[in-house]
Amino acid sequence: MPVLEEGQGELFQPPDMDAFREWNRRKKSRRMEDKLMTEREAVERFVHENSYIGTELYGTVRCPMSLAREVVRQRERIKNLRVAGQGVLELDLWLAADMVRTLDLTYIGLEVYGISHALRRAVESGRTRTAEWSNAGITWRMKAAAMGVPFLPTTSMLGTDTLRYSAAKVIEDPFTGRPVCLLPALILDVGMIHVHRADRYGNAQIEGISGFAFELARASKRLIVSAEEIVDSEDIRRQPDRTIIPYYLVDAVVHAPFGSYPGEMPYTYWRDEDEIRAWVEASKTAEGAETYLKRTIFDVPDHAALLEMIGTERLEALRALASQR
Amino acid sequence: MPVLEEGQGELFQPPDMDAFREWNRRKKSRRMEDKLMTEREAVERFVHENSYIGTELYGTVRCPMSLAREVVRQRERIKNLRVAGQGVLELDLWLAADMVRTLDLTYIGLEVYGISHALRRAVESGRTRTAEWSNAGITWRMKAAAMGVPFLPTTSMLGTDTLRYSAAKVIEDPFTGRPVCLLPALILDVGMIHVHRADRYGNAQIEGISGFAFELARASKRLIVSAEEIVDSEDIRRQPDRTIIPYYLVDAVVHAPFGSYPGEMPYTYWRDEDEIRAWVEASKTAEGAETYLKRTIFDVPDHAALLEMIGTERLEALRALASQR
Amino acid sequence: MSERYTATEMMICAAAREMQDGTTAFIGTGIPMLAASLAQRLYAPTLVTIFEFGGTGAQLAQLPLAVGGSRTFHRAVAASGICDIMETAQRGFVDYGFLGGAQIDPYGNLNTTVIGDYWPPKVRLPGSGGGNDVGSLCWETIAIMRHDRRRFVPKVDFLTTPGYLDGPGGRERAGLPPGSGPIRVVSTLALLGYDIGGTYRMRLEAVYPGVTVEQVIENTGFDLLIADEVTTVEPPTDEELRLLREEIDPEGLYI
Amino acid sequence: MSERYTATEMMICAAAREMQDGTTAFIGTGIPMLAASLAQRLYAPTLVTIFEFGGTGAQLAQLPLAVGGSRTFHRAVAASGICDIMETAQRGFVDYGFLGGAQIDPYGNLNTTVIGDYWPPKVRLPGSGGGNDVGSLCWETIAIMRHDRRRFVPKVDFLTTPGYLDGPGGRERAGLPPGSGPIRVVSTLALLGYDIGGTYRMRLEAVYPGVTVEQVIENTGFDLLIADEVTTVEPPTDEELRLLREEIDPEGLYI
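What counts, and where the lines are drawn
Residues numbered from 1 in each chain as written. Chains lettered and ligands numbered in written order. Predicted model: local features only at pLDDT ≥ 70, side-chain atom pairs only at ≥ 80, totals over all residues. Heavy atoms only, no water. Phe/Tyr/Trp six-rings, centres within 6.5 Å; stacked < 30°, edge-to-face > 60°. Buried < 20%, exposed > 50% of the residue type's maximum accessible area, 1.4 Å probe, protein only. Lys NZ or Arg CZ within 6 Å of the ring centre and 35° of its normal. pLDDT = per-residue confidence, 0-100. Disulfide = S-S within 2.5 Å. Contact = heavy atoms within 4.5 Å. Buried area = accessible area lost by both parts, 1.4 Å probe. Salt bridge = Lys/Arg side-chain N within 4 Å of Asp/Glu carboxyl O. Polar contact = N/O pair within 3.5 Å; in protein donor to acceptor, adjacent residues only side chain to side chain. Helix = DSSP H or I, 4+ residues; strand = E, 2+ residues; numbered from the N terminus. Axes fitted to C-alpha atoms, helices over the stretch in contact; angles between N-to-C directions. Parallel < 35°, antiparallel > 145°, perpendicular 65-115°, else oblique. Left-handed = near helix turned anticlockwise from the far one by under 90°. Nonpolar A, V, L, I, M, F, W, Y, C, P; charged D, E, K, R; others polar.

## Regarding the packing of aromatic side chains
One pass over the structure, following the stated rule, counts 30 aromatic pairs over all chains. Note on Y247 of chain A and Y248 of chain A: the rings are 5.7 Å apart at their centroids and 85 degrees apart in plane angle, and the pair reads as edge-to-face. Relative accessible area serves as the criterion here: at 1%, Y247 of chain A is assigned to the buried category. Members of the aromatic cluster, joined through ring pairs, are Y58, Y107 and F212 of chain A together with F53 of chain C. The ring of Y107 of chain C carries the charged tip of R201 of chain C above its face, separated from the ring centre by 5.9 Å.

Written out as structure tokens, the structure is:
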């Protein structure tokens, strides 16, 4: 059962499960402590230069955009991020802000609006280094960490350059003799997730598809949860079967109504197509992108101020367009 | 990266994922077909001699007991079962009925009432052959099948006789160099799960802990779901995020109110302690067990008749004791 | 091509007609979503749509704009997550998958990663996304491609998503699931298949109305197999066009 | 032993006092459930109970009768499934686990599988259950044992659940998580620990009121290390006994 093939991609974050166990033992409190704080405080405390970070779900759907913007706002302090990446607006902002040094890349694009200009500029210039993975591949890497195992097997990625430029390995399955791809566990320094409701300790619940919230939450050494609504713990305890993230995984809870803006939040508000198009246009050039960042992030003190700028009328209109059950 | 150690236990069901894929392609309809049938019909159609079967959750909690009893009722036809096993009442009935030839054993006992006499008689006499696994080990084996991979790694079971008498293998993790245990995927011929509600196509939802319903449902070539309540599909579609088992996994849907009796059904009814104690007493001898089986299974045509025998008053009393949210 | 419809509309209709009733199909952003919507209305009412981030069996009342958007699980039978969906495919439950790309080769291998060398790339494309997983794990895949020589190339610059790899037995040797692979290319000019069981190379099967076999050959950067009988695809019907324009994409996002 | 309380009650109280506030503890059926209930009421109000089949942080208002029963997730913060729980332990989030067994050896290895040979066995016991997982994956384990020579044996007939295996470095060599292992035995006669960092063998630390060191040695089937100062455990307080008998197990299922 020798290693049949080794991806030549860089392993930006090693799958050291013993160290992760030790971290989870020493650094994660089991007490129900009040973790409510602002975006600013959460990012200041947990996101640092060279941090390996990731967000869930996807730039235009239930994505922690108020946190993603706060990361940009603290650009002077946070440099050289390492990022786990499938993304739309969130990763595009970071790439445009030139904060991403290395990228475990699965997909970055603007969906209906085509390819990402920020990605092209960052990678083609050589400023952002990449390794390749499939969407399932990178999620299974998080799932490995979430399960506390050093790798997970898959029959995906085999035979391709995607595997060749990843850090996966191919072995012969000792049970069937067939080649199988092993994906190394991905442990994030900081994960960020936006949810429908959380209590102040971090117990969090989501409506609709859960994307990869379960896996990313458990694969992160530090976890920042932003929530549309902060609820009493009794609301959580009444339906514990809806809890996707238990409090002990969580380091910061941020109250962020319209936290996914300009993306949508299922059953809560629809996406702001005009604002998304504004970014698509602005991001076509580096200068345009910087101007957009200045207008919506650097010149705006926080998420509440951005919402004020957008205006109640426009936000209420998005709420009226929310998907129905 | 050689195989460092191989468990000497028998591999009762090989982890042939290619064959499982092929089965799922050819034998599982993607159409929403009416699968409503009785316990008798479901067991007649899908459980056969030498079938490898398993149930979820646990003999005294949300367990498909009306199906487990029907399996016993068809003893003359179904012989030599192979069973995946962590269990209380359900596996005890099968062992007492001398229907189990091989057993992937994790735990069989009577919980507060101590060790299982039926297990002792079956195994000490040599009639039932065993391989050893931990509870997590056997569930991860199902999870491997559910994920469509031939094995899952774990740091559990290492260094013990539990591993030595299992069919797991130990290899050196190619990423960290540490020994890691590989659990072969477990594909069941038939899985049985009891749920709170399902529609007639098999879309099923559970309240409270989900045990290993998710994994067992996806690891089974044939799946029989029994439900306290048959609901309209619209009820499912209104909260698709509660669906643990989508219809295409399911081969039979059985309407079984009090289907977990004498065990409990969370939020629905409490366990019948007298009835459980009656089995504990009866199962102390082979003769006592056979008499119990005659009284509650062989002499009773079906689940409805058993409920009639128990009586509305006793059942309503159990409902009144149901756990609260 | 007639002015009654565009090449994109023809392609969507051709893709929709490929979808069979009572099957499961992994649907990505864009054309596949429109084709699936059209198919559900006309040809495959019980087509089960499966979306990458968790939606299974949704009723596609409105066109999804994102693979994780709420429209992908609107009145679905299940709303789970990406692992459940990808593992469902890995377990053999997903019949079809739709793929696109910047380049395709004679064996149906696709490139959505880079044009030019890997590092540094001339053009950095979005990456695999779920593409590699769909190409690896679904039983059959259908590629939807603009048809020109820059896209239909002898060798892809980067093999993002597996077709038949290097030809007969290639997938099995690599460890990919036996019996799976690409079956169809729906291009802007024609419908193509593969010589499955033989050379596994791409084969022209049918052309769109007004398109000649020679035009297809000219626009393909490698030697195409040509079916013994190359048929002509039926043009979009009035009903197909009406549904597409009035119900499925009234805002004209894709058409 | 005094007639004011039973050996079981002493054992439960001793186990309860081991549980530290603000920690996570994997709780199995029986004595650990009673001890956890008692600890939550008196010593460790924020003890987070974790039950094998999915309950996390339940409020143990009533004594659970099964590890998957509804009382194990009554007003819990999360009700998930066995994989989530076991993976949480595998990831290093579970501080303590409680174990029992038919046999224990000097290194804290436990047998719950067979007495005699494996095949055919003289006595077939229930099997590992979650025991092996708890012994492998939790940081620290506490065994709760009836104390006699048939149970405290030089070598277990079957090594179901890992203690320190064959001694120093044994767990690490086998691939078990570094820094984990048994720390305590709460028996019907005494509290014992291990010579961690040295021989890793079992050591007598304290005896129950009315029990002598000699009695413990006599009832142990192997050479025990003896702590330099063997203390005497405080007997159950009136409050402990009242809670146990009136609130926690009023039906006398275990006591």
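## Digging into the confidence of the model for chain C
Per-chain confidence: chain C averages 95 in pLDDT, with 99% of residues scoring 70 or above. Scoring of the predicted complex yields 0.98 for pTM and 0.98 for ipTM.

## Some thoughts on the state of the cysteines
Applying the stated criterion across every chain, the model contains zero disulfides over all chains. Free cysteine C63 of chain B: the closest other cysteine sulfur is in C83 of chain D, separated by 17 Å. Since its relative accessible area comes to 0%, C63 of chain B is described here as buried. For C83 of chain D, which is in no disulfide, the shortest distance to another cysteine sulfur is to C83 of chain C and amounts to 13 Å.

## Considering the interface of chain C and chain A
Each partner contributes to the interface: chain C provides 56 residues, whereas chain A provides 58 residues. Between chain C and chain A, roughly 4300 Å² of surface is buried when both sides are summed, and carbon and sulfur atoms account for 60% of that area. Counting the surface chain C buries against chain A, the share from its top three residues, F53, R124 and P126 of chain C, is 16%. For the pair chain C and chain A, the number of links is two salt bridges. Of the charged contacts, one joins K143 of chain A and E87 of chain C as a salt bridge, the two residues approaching to 2.7 Å between their closest N and O atoms. The interface formed by chain C and chain A includes 30 residue pairs in polar contact (both at pLDDT 80 or more). Counting residues per element, the ones that place at least two in the side of chain C that touches chain A are α3 (82–90), β9 (123–124), α4 (131–137) and α5 (170–174) of chain C.

## What to know about the packing of helix α1 (residues 7–18) of chain C against helix α2 (residues 31–42) of chain C
Residue and element names in this part refer to chain C. For the pair α1 and α2, interaxial distance at closest approach is 8 Å and the crossing angle is 55 degrees. By the angle class used here, α1 and α2 are oblique. As α1 packs across α2, the resulting crossing turns out to be right-handed. Only I31, L34, A35, L38 and A39 of α2 make contact with α1, whose side of the interface consists of T8, M11, I12, C13, A15 and A16. Its residues assigned to classes, the contact of α1 with α2 shows 10 nonpolar, one polar and no charged.

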